[in-house]
Amino acid sequence: MTRPHEQVYTRLKVSQIHGVGVFAILDIPRGTYVFEGDTSEIVWYDEKDLDLPHQPDSVQKLYEDFCILKTEKGRRKLGCPANFNNMNSSWYVNYSDKPNLAFDEENGFYTLRDIQEGEELTVDYDTYSENS
């Protein structure tokens, strides 16, 4: 039987960087995939199909704050949770130009170095998402 806390390394807390951030609740070794067990997937949408200019500012802000932007064959695509109500803590990792995480499209976020309990986890968004 797998218990709910197994392979859980993080929790959400108020961040000194921005709003809410992801913090280590245990020491995390280098090379660890920190959100293993997460069964949600990123869903990709053509930006034009979302009709964002006609959505309320608050809805547009959800996409701006939480989605991954890629351009494929000249079309802008947004990678989002299937539903914003399904966001897990990985969606709250804050940006840093000196990150302690990297992102692997197949397996998710992994640590670039040992991380100490209490340390905020960060990633360089530009390594996997285009500027908006």
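Just so we're clear, the structure is a prediction, and the values are computed from it rather than from any experiment.

Parameters at a glance
- Residues numbered from 1 in each chain as written.
- Predicted model: local features only at pLDDT ≥ 70, side-chain atom pairs only at ≥ 80, totals over all residues.
- Heavy atoms only, no water.
- Core = buried A, V, L, I, M, F, W, Y, C linked by side-chain atoms within 4.5 Å.
- Buried < 20%, exposed > 50% of the residue type's maximum accessible area, 1.4 Å probe, protein only.
- Helix = DSSP H or I, 4+ residues; strand = E, 2+ residues; numbered from the N terminus.
- Contact = heavy atoms within 4.5 Å.
- Disulfide = S-S within 2.5 Å.
- Patch = residues over 30% accessible without salt bridge, like charges linked within 9 Å, V, L, I, M, F, W, Y side chains within 5 Å.
- Areas by Shrake-Rupley, 256 points an atom, 1.4 Å probe, with all protein chains shown as cover.
- Salt bridge = Lys/Arg side-chain N within 4 Å of Asp/Glu carboxyl O.
- Pairing = 2+ DSSP bridges.
- pLDDT = per-residue confidence, 0-100.

Counting residues in each nonpolar core, the largest one holds 14 residues, and the members touching the most others are Ile-28, Val-34, Leu-101, Phe-109 and Leu-121. Those elements giving two or more residues to this core turn out to be β2 (20–24) and β9 (120–123). If we skip the residues at most four places from it in the chain, Val-34 touches Gln-7, Tyr-9, Ile-28, Leu-101, Phe-109, Thr-111 and Leu-121.

Under the defined criterion, the tally for this structure stands at 1 disulfide. With a sulfur-sulfur separation of 2.5 Å, Cys-67 is cross-linked through a disulfide to Cys-80. Its S-S torsion of approximately 120 degrees makes the covalent link between Cys-67 and Cys-80 right-handed. Within this pair, whereas Cys-67 is found in the loop between α1 (57–66) and β4 (68–72), its partner Cys-80 is found in strand β5 (residues 75–81), the two being separated by 13 residues in sequence. The class for Cys-67 is buried, based on a relative accessible area of 12%.

This part is about a nonpolar patch on the surface. Together, Val-8, Ile-25 and Leu-26 make up a nonpolar patch on the protein surface, roughly 200 Å² of accessible area in all. Relative to the assigned elements, Leu-26 resides in the loop between β2 and β3 (42–46). Given the relative accessible area of 40%, Leu-26 is considered partly exposed.

To continue, consider the sheet that holds strand β1 (residues 10–14). One open sheet accounts for 4 strands, arranged β1-β2-β9-β6; its pairing is mixed. With one partner strand each, in any of the chains shown, β1 and β6 (94–95) form the two edges of the open sheet. The pairing of β1 with β2 spans 5 bridges and is classified as antiparallel. Bridge assignment links Lys-13 to a residue of β2, and that residue is Gly-21.

Before going further, it helps to spend a moment on the confidence of the model for the protein. Taken over all residues, the pLDDT of the protein has a mean of 93, while the share at 70 or more is 99%. Mean pLDDT across the elements of the protein ranges from a minimum in β4, with 92, to a maximum in β9, with 98.

This next bit is on the pairing of β4. Bridge count for β4 against β5 is 5 bridges, and the pairing is antiparallel. In the sheet register, Glu-72 faces β5, and the bridge partner there is Arg-75. The loop that links β4 with its antiparallel partner β5 comprises 2 residues; one of these, Lys-73, has a positive phi angle of about 50 degrees.

Attention shifts here to the pairing of strand β8 (residues 108–111). Direction of pairing for strand β7 (residues 101–104) relative to β8: antiparallel, over a ladder of 4 bridges. Counted as the bridge partner of Phe-103 is Phe-109 from β8. The hairpin formed by β7 and β8 contains 3 residues between the paired strands.

Our next topic: the pattern of salt bridges. Scanning the entire structure with this criterion turns up 9 salt bridges. Residue Glu-47 pairs with Arg-76 through a salt bridge whose shortest N-O separation is 2.7 Å. Placement of Glu-47 in the loop between β3 and α1 and of Arg-76 in strand β5 is noted, with a sequence separation of 29 residues between them.

Note that Thr-122 resides in strand β9. With a relative accessible area of 5%, Thr-122 lands in the buried category.

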